[in-house]
Amino acid sequence: DPATGLRSLPAVGNAQKKLTWTLKGLVPGVCYWSVQAVDTAFAGSTWANERFADNRFVDIGAGLAAVRSGALAWGDYDGDGDLDLALTGETSSGFVGRIYRNTEGAFADVSAGLPGVYAGALAWGDFDNDGDLDLALAGEDSATGGYISRIYRNTDGAFSDISAGLRGVAA
């Protein structure tokens, strides 16, 4: 009962033997819910008003490279509180390796000088404990066709290969 919070516990007779229901007329991507508090004696509060949220994703027009066999990783490399994006993969004109700086939802390629890789992997982390995020990158290198694994040190937003000597891999 929505007004009192009283309800029958699931058992044969309450919903017969049917344990699932099909809801019709719902909009894809929209979440619907209503909540009720229930204590240990199974006494329930009244139901809250039904709510819904439209959680469909919308393209924000970020201008990112369209890639296949790509990888991406979110991280705030510049410490401004906005998550930036590292991206690798194959575009229609070749392999790419890019970092996009996020400034309040506007993304710009920072020309970080990363190699273009295909079938790669990316991860942010502060390997040198200086307080800013550095980048690990791996994949098939566009220049040599071989596999690479590199760590790029972030020094005030400029990225440089530390020549870690890691074995090259691809995803």
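Residues numbered from 1 in each chain as written. Predicted model: local features only at pLDDT ≥ 70, side-chain atom pairs only at ≥ 80, totals over all residues. Heavy atoms only, no water.

**A few points about the overall build of the protein**
Right, so step 1: Counting secondary structure elements, the protein contains zero helices and 10 strands.
Right, so step 2: Reading the protein from its N terminus to its C terminus gives the helix and strand order β-β-β-β-β-β-β-β-β-β.
Right, so step 3: Counting every position in the protein, which comprises 171 residues, the buried fraction comes to 27%.
Right, so step 4: Contacts in the protein between residues far apart in sequence, at least 24 positions, make up 36% of those at least 6 positions apart.
Right, so step 5: Accessible surface computed for the protein: about 11,200 Å², of which carbon and sulfur atoms make up 55%. (Helix = DSSP H or I, 4+ residues; strand = E, 2+ residues; numbered from the N terminus. Buried < 20%, exposed > 50% of the residue type's maximum accessible area, 1.4 Å probe, protein only. Contact = heavy atoms within 4.5 Å. Areas by Shrake-Rupley, 256 points an atom, 1.4 Å probe, with all protein chains shown as cover.)

**Focus: the environment of Ser111**
Right, so step 1: For Ser111, the location among the structural elements is in the loop between strand 6 (106–109) and strand 7 (117–125).
Right, so step 2: Its relative accessible area of 62% is what places Ser111 among the exposed residues.
Right, so step 3: Sequence separation between Ser111 and Ala158 is 47 residues; the distance between their C-alpha atoms is 9.3 Å.

**As for unusual backbone geometry**
Right, so step 1: Even without glycine at this site, Ser69 takes up a positive phi of about 45 degrees.
Right, so step 2: Considering the arrangement of structural elements, one finds Ser69 in strand 3 (residues 68–75).
Right, so step 3: Here Ser69 falls in the partly exposed class, since its relative accessible area comes to 34%.
Right, so step 4: Backbone geometry at Ser111 places phi at a positive 50 degrees, although glycine is not the residue there.

**Quick word on the pattern of salt bridges**
Right, so step 1: Using the criterion set out here, one finds six salt bridges in the structure.
Right, so step 2: In this structure, Asp80 and Arg101 form a salt bridge, with 3.6 Å as the shortest nitrogen-oxygen distance. Note that Asp80 is positioned in the loop between strand 3 and strand 4 (84–91) and Arg101 in strand 5 (residues 94–103), a separation of 21 residues in sequence.
Right, so step 3: Assessed through its relative accessible area of 34%, Asp80 is described here as partly exposed. (Salt bridge = Lys/Arg side-chain N within 4 Å of Asp/Glu carboxyl O.)

**Re the nonpolar core**
Right, so step 1: Core analysis: the largest hydrophobic core is formed by 15 residues, its most contacted members being Ile99, Leu114, Leu122, Trp124, Leu135, Leu137 and Phe159.
Right, so step 2: At the level of elements, strand 3, strand 7, strand 8 (134–141) and strand 9 (147–155) are the ones that each hand at least two residues to this core.
Right, so step 3: Every residue in contact with Leu122, bar those within four places of it in the chain, is listed here: Ala71, Leu72, Ala73, Ala86, Leu87, Thr88, Leu135, Ala136 and Leu137.
Right, so step 4: Listed in part, the six residues of the second largest apolar core include Ala62, Ala65, Leu85 and Phe107. (Core = buried A, V, L, I, M, F, W, Y, C linked by side-chain atoms within 4.5 Å.)

**Section: the packing of aromatic side chains**
Describing an aromatic ring pair means giving the distance of the ring centres and the angle of the ring planes.
Right, so step 1: Across all of its chains, the model carries five aromatic pairs by this definition.
Right, so step 2: Centroid distance Phe95 to Tyr118: 5.2 Å. Interplanar angle 15 degrees. Geometry classified as stacked. One end of the pair, Phe95, is in strand 5; the other, Tyr118, is in strand 7, and 23 residues separate them in sequence.
Right, so step 3: Judged by its relative accessible area of 26%, Phe95 is partly exposed.
Right, so step 4: Three or more aromatic residues joined by ring pairs form one cluster here, namely Tyr77, Trp124 and Phe159. (Phe/Tyr/Trp six-rings, centres within 6.5 Å; stacked < 30°, edge-to-face > 60°.)

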